[in-house]
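# Tertiary structure, described
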Amino acid sequence: MKKILRINLDNQTFAYEEPGDKYKNLGGRALTSTIISSEVDPKTDPLCHDNKPVFAAGLLGGTAVPNSGRFSVGTKSPLTHTMKEANAGGTAAIKMARLNIIGIIFEGQAKELVNVHIDKDGVTFHKAADYHMLGTNDTYAKAQAEFGEGKSVIANGPAGEKQLMSSGIFVSSPEYFPRAAGRGGLGAGMGYNNLKA
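Before going into details, it helps to say that this report is about the structure given with it.

Cut-offs used in this document
- For every chain, the first residue of the written sequence is number 1, and numbering continues from 1 onward in sequence order.
- Local features in a predicted model are, by the rule used here, given only for residues with pLDDT of at least 70; side-chain atom pairs are given and counted only at 80 or more, and totals for whole chains, interfaces and linings are based on all residues.
- As a convention, hydrogens and water are excluded, and side-chain values are obtained from all of the structure's heavy atoms.
- Strands are runs of DSSP state E lasting at least 2 residues, helices are runs of H or I lasting at least 4, and numbering of each runs from the N terminus.
- For this analysis, a polar contact is any N or O atom pair within 3.5 Å, provided that within protein one partner can donate a hydrogen and the other can accept it, and provided that sequence-adjacent residues contribute only side-chain to side-chain pairs.
- Only heavy atoms matter for contacts: two residues are in contact if any of them lie within 4.5 Å across the pair.
- Here a cavity denotes grid points, spaced 1 Å and computed from the protein atoms alone, that fit a 1.4 Å probe unable to get out, and a pocket denotes an open set having protein on both sides within 12 Å along at least 5 of 7 lines; residues with an atom within 4 Å of a point are the lining.
- Grid points are joined across faces, edges and corners, and a volume is the space filled by probe spheres set on the points.
- Just so you know the grouping, Ala, Val, Leu, Ile, Met, Phe, Trp, Tyr, Cys and Pro go in nonpolar, Asp, Glu, Lys and Arg go in charged, and all remaining residues, Gly too, go in polar.
- Only strands that DSSP links by at least two bridges are regarded as paired with each other.
- What counts as an axis is a line fitted to C-alpha atoms, over the stretch in contact for a helix, and the angles between N-to-C directions run from 0 to 180 degrees.
- By convention, a stacked pair of Phe, Tyr or Trp rings (six-membered ring in the case of Trp) has centres within 6.5 Å and planes under 30 degrees apart, an edge-to-face pair has planes over 60 apart, and any other such pair is tilted.
- Buried, partly exposed and exposed residues are distinguished by accessible area as a fraction of the type maximum, computed with a 1.4 Å probe on protein chains only: under 20%, between the cut-offs, and over 50%, respectively.
- Think of it as a cone above the ring: NZ of Lys or CZ of Arg counts as a charge over the ring if it is within 6 Å of the ring centre and within 35 degrees of the ring normal.

## Points about the side chain of Asn156
Along the chain, Asn156 turns up in strand E9 (residues 154–156). Here the side chain of Asn156 touches Gly187 through a polar contact of 3.1 Å, landing on its backbone oxygen. For Asn156, the residues in contact, after removing those within four places along its chain, are Leu134, Glu161, Gly168, Gly187, Met190, Gly191, Leu195 and Lys196.

Right, here's the structure in full:
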């Protein structure tokens, strides 16, 4: 059964939830948009504590269906101040599907730059001060060294850390090349949350 993973960055806790009727049979853009419209007030400032970045795999993620590995990011856009979705290729949707996670909701703001590691055993939080202002390729290399080969890395670059409106969120390919969810300035939201990767 697919689950939604809710991660609280304020107190570094997490919980798995059943999708329930509201989020049942949704994936990708449909899931991110439904969560944002249900849980984020339309008047919320995009760069504030009440906004929620949502990561989602498509319903066919992890299967052999062509083009089923798209990864979707949704939030209230720092650039447009409207609900926004951007998507990318790479390995994240496949890895999420293998963990039976259909969506990840981030809430709150970490006190300092943090990396969140998700695997079959759950979620761990790691201080990421030494990742500060690293570019995407350097972040991938450092994460591989810290967490091991074969991981999927969703990373924020220096522009996102600076909360620039043109920043994107980057997903690693199997060869650790970046795939960009580049619309709407969504990296600025990760920057506000102090979420590096």
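So that's the structure; there's more coming.
## Details of empty space enclosed by the protein
Using the criterion set out here, one finds one cavity of 30 Å³ or more in the structure. For the largest cavity, the calculated volume is near 40 Å³. Along the lines of polarity and charge, the residues of the lining of the largest cavity split into four nonpolar, four polar and one charged.

## Let's talk about the sheet that holds strand E10 (residues 169–172)
Hydrogen bonds between backbone groups are what pair the strands of a sheet, and the pairing can be parallel or antiparallel. Overall, antiparallel pairing links the three strands, which are arranged E9-E10-E11 in an open sheet. What marks the edges here is a single partner per strand, and that holds for E9 and strand E11 (178–181). On average, each strand axis in the sheet is tilted by 35° relative to the strand beside it, whichever way the strands run. Here E9 runs beside E10; their pairing, made up of three bridges, is antiparallel. In the sheet register, Asn156 faces E10, and the bridge partner there is Ile169.

## Concerning the packing of aromatic side chains
By the definition in use, this model includes four aromatic pairs. Taken together, a centroid distance of 5.3 Å and an interplanar angle of 65° make the contact between Phe55 and Phe71 edge-to-face. Of the two residues, Phe55 is situated in strand E3 (residues 54–57) and Phe71 in strand E4 (residues 71–76); the sequence distance between them amounts to 16 residues. For Phe55, a relative accessible area of 3% translates into the label buried. The buried category is assigned to Phe71, whose relative accessible area is 0%. Between Phe55 and Phe106 the ring centres are 5.2 Å apart and the planes differ by 65°, which places this aromatic pair in the edge-to-face class. With Phe55 in strand E3 and Phe106 in strand E6 (residues 101–107), this pair connects stretches of sequence that are 51 residues apart. In this structure, Phe55 and Phe106 share a single accessibility class: buried. Counting every residue linked through ring pairs, the aromatic cluster contains Phe55, Phe71 and Phe106. Over the ring of Tyr131 we find Lys142; its NZ or CZ atom is 5.6 Å from the centre of that ring.

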